[in-house]
Amino acid sequence: MKDDVLTLLVHLGYLAYDSEQKGVFIPNKEIIEEFENAMRTSVAEGLDRVHMEVASILDYNDENSLSCAIGLAYYSARKDYKMVREFPTGRGFADVIFLPLSHSGKTAIVLELKYNQSAHSAIQQIKDRHYTQALEGYAGEILLVGINYNKEKVGKNHSCVLEKLIKPECD
C-alpha cells in the first residue's frame, strides 16, 4: 500500500526516485514549500489532539503538560531516537532533543516549547542560546522545531515552526 502511493506520487511528478539512494525525494521548490506547510499544520493539529487526550484539565495550560504530550505523541519515534527532556545545551536547556540512534540515519531534532508566545520565538531561542552546540559530535541535518501553545486562540491553540539546519562534517 505504501509503495503503491509512493509509486503514484512519482508518476504524477510530485516525487522523484533516486536510484543510488533507493528512495524518493521532492524534486521541486514549490512542492517542498507545500509539504513543509502541510507538515507544520499536521504537527500542530496532531499535538493538539494528543495534548487534549493526555492532559488533565487542571494542568493542561503548562509547559510540562505539553512536554509530556510530545513524549507520548512521538512514542513510536523511539525505535530511531533517544528522546531527552531538558537537555543541557549552549546557554540553557532545550526542552526536548531527539538524538538519532546510530542505525537510524535520521535527522536530529531540537524542540523548544513556548506558552502564550510564538513558535517563531521558540526557534529564535534555539538559535540565540546555541542549543545545537549540544550536538557537537553529530554531523548532518538538524531539524529545529518551535511549538507554541496559546490558550487564548480558540480552535488553533498550537502552532509549529520547522527549520532545517545542515551541520558540517566534523574533522
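Notes on the structure in this doc start here.

Reading the values: rules and limits
Within any chain, residue numbers begin from 1 and follow the written order of that chain's sequence. Local features in a predicted model are, by the rule used here, given only for residues with pLDDT of at least 70; side-chain atom pairs are given and counted only at 80 or more, and totals for whole chains, interfaces and linings are based on all residues. Excluded from the side-chain calculations are hydrogens and water; all other atoms, namely the structure's heavy atoms, are used. Side-chain atoms within 4.5 Å link the members of a nonpolar core, which is a set of buried Ala, Val, Leu, Ile, Met, Phe, Trp, Tyr and Cys residues. Summary of the burial criterion: residues with accessible area below 20% of their type's maximum are buried, those above 50% are exposed, and those between are partly exposed, where the area comes from a 1.4 Å probe applied to protein chains only. Secondary structure follows DSSP: runs of H or I at least 4 residues long count as helices, runs of E at least 2 residues long count as strands, and numbering of each begins at the N terminus. Contacts were defined at the residue level, with two residues in contact if any of their heavy atoms lie within 4.5 Å. Between rings of Phe, Tyr and Trp, where Trp is taken as its six-membered ring, a pair exists when centres lie within 6.5 Å; planes separated by under 30 degrees are stacked, by over 60 edge-to-face, and by other angles tilted. In the sections that follow, a salt bridge refers to a side-chain nitrogen of Lys or Arg positioned within 4 Å of a carboxyl oxygen of Asp or Glu. Surface patches are defined over residues having more than 30% relative accessible area and no salt bridge, joining like charges when they lie within 9 Å and nonpolar side chains (Val, Leu, Ile, Met, Phe, Trp, Tyr) when within 5 Å. Note that accessible areas follow from Shrake-Rupley with a 1.4 Å probe, and for residues the cover is restricted to the protein chains shown.

## Some thoughts on the nonpolar core
- Core analysis: the largest hydrophobic core is formed by 15 residues, its most contacted members being Ala 94, Ile 97, Val 110, Ile 126, Leu 135, Ile 142 and Leu 144.
- Counting residues per element, this core draws most heavily on helix α4 (residues 119-128), which supplies three residues.
- Leaving out residues up to four positions away in the same chain, Val 110 has contacts with Ala 94, Val 96, Ile 97, Ile 126, Tyr 131, Thr 132, Leu 135, Ile 142, Leu 143, Leu 144 and Val 145.
- In terms of nonpolar packing, the next biggest core, distinct from the first, is built from 11 residues, Ala 77, Phe 98, Ile 109 and Leu 111 among them.

## A closer look at the environment of Lys 151
- For Lys 151, the location among the structural elements is in the loop between β6 (140-149) and β7 (158-167).
- Residues Lys 151 and Asn 116, spaced 35 residues apart in sequence, show a C-alpha to C-alpha distance of 6.9 Å.

## As for the packing of aromatic side chains
- Under the criterion given, the structure shown has two aromatic pairs.
- For the pair Tyr 81 and Phe 98, a centre-to-centre distance of 5.8 Å together with 80° between the ring planes defines the contact as edge-to-face. Of this pair, Tyr 81 sits in strand β3 (residues 81-89) while Phe 98 sits in strand β4 (residues 92-100), placing them 17 residues apart in sequence.
- Overall, Tyr 81 belongs to the buried group, its relative accessible area being 13%.
- Pairing Tyr 115 with Tyr 149 gives two aromatic rings, centres 5.8 Å apart and planes at 20°, and the pair type is stacked. Of the two residues, Tyr 115 is situated in strand β5 (residues 108-115) and Tyr 149 in strand β6; the sequence distance between them amounts to 34 residues.

## Describing the pattern of salt bridges
- Taken as a whole and judged by the stated rule, the model has two salt bridges.
- Among the salt bridges present, the one from Glu 163 reaches Lys 127, with a minimum N-O distance of 2.6 Å. Residue Glu 163 is located in strand β7, and its partner Lys 127 is located in helix α4; the two are separated by 36 residues in the primary sequence.
- Close ionic contact of Lys 164 with Glu 141 constitutes a salt bridge, the shortest N to O distance being 3.7 Å. Residue Lys 164 is found in strand β7, and its partner Glu 141 is found in strand β6; the two are separated by 23 residues along the sequence.
- On the basis of relative accessible area, Glu 141 is assigned to the partly exposed category, the value being 32%.

## Some thoughts on a nonpolar patch on the surface
- Side chains of Leu 8, Leu 12 and Tyr 14 sit close together on the surface and give an oily, nonpolar patch of about 320 Å² of accessible area.
- Here Leu 8 is to be found in helix α1 (residues 2-12).

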